[in-house]
Amino acid sequence: MTHDIQRILQSKREFRRELAALPIEEKLRLLDVLRERQLAFRGIPKTDHPQAHADQHRFRSVNLKSQSDAS
């Protein structure tokens, strides 16, 4: 493990840039994974919470307008 703070900070910036560049579907999928992990840490069984997946995400059925269409 490195203790070089400059390398750590640079790595964090690169990771954040990579995350920002992901398509929205992948970001939603990652949020679903993190939510399931959080519930697992809390000890909540999977049967007690609904599973959501980005390929079947609840936002897919909504007709969203782009911000340029809103004006």
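Placed above this text is the structure.
Section: the overall build of the chain
Within the chain, the regular secondary structure consists of 2 helices and 0 strands. Carbon and sulfur atoms make up 55% of the accessible area of the chain, which amounts to about 6,600 Å² in all.

Notes on a positive patch on the surface
A contiguous patch of positive charge on the surface is contributed by K12, R13, R16 and R17. Tracing the backbone shows R16 in helix α1 (residues 5–21). Assessed through its relative accessible area of 54%, R16 is described here as exposed.

Re the pattern of salt bridges
Going through the model one piece at a time under the given rule, you end up with 1 salt bridge. In this structure, R29 engages E26 in a salt bridge whose closest nitrogen and oxygen atoms are separated by 2.7 Å. Here R29 and its partner E26 are both found in helix α2 (residues 24–42), 3 residues apart, which amounts to about one turn of the helix.

Quick notes on a nonpolar patch on the surface
Where nonpolar side chains cluster on the molecular surface, the patch consists of I5, I8 and L9 and spans about 230 Å² of accessible area. As for its placement among the helices and strands, L9 is situated in helix α1.

A look at α2
In a regular helix each residue adds 1.5 Å, so 19 residues correspond to 27 Å; α2 covers 27 Å between its end C-alpha atoms and thus fits that length. Those residues of α2 that sit buried are L28, D32, E36 and L39. Taken around the axis of α2, the buried residues stretch over an arc of 80 degrees, which confines them to a single face. Opposite the buried face of α2, at more than 90 degrees from it, the exposed residues are L31 and F41. One or two residues past the end of α2 sits G43, with phi positive at roughly 85 degrees.

The rules we used
Residues numbered from 1 in each chain as written. Predicted model: local features only at pLDDT ≥ 70, side-chain atom pairs only at ≥ 80, totals over all residues. Heavy atoms only, no water. Helix = DSSP H or I, 4+ residues; strand = E, 2+ residues; numbered from the N terminus. Areas by Shrake-Rupley, 256 points an atom, 1.4 Å probe, with all protein chains shown as cover. Patch = residues over 30% accessible without salt bridge, like charges linked within 9 Å, V, L, I, M, F, W, Y side chains within 5 Å. Salt bridge = Lys/Arg side-chain N within 4 Å of Asp/Glu carboxyl O. Lys, Arg positive; Asp, Glu negative; His and termini not counted. Charge placed at Lys NZ, Arg CZ, Asp CG, Glu CD. Buried < 20%, exposed > 50% of the residue type's maximum accessible area, 1.4 Å probe, protein only. Expected span 1.5 Å × (residues − 1). Arc of directions from axis to C-beta.

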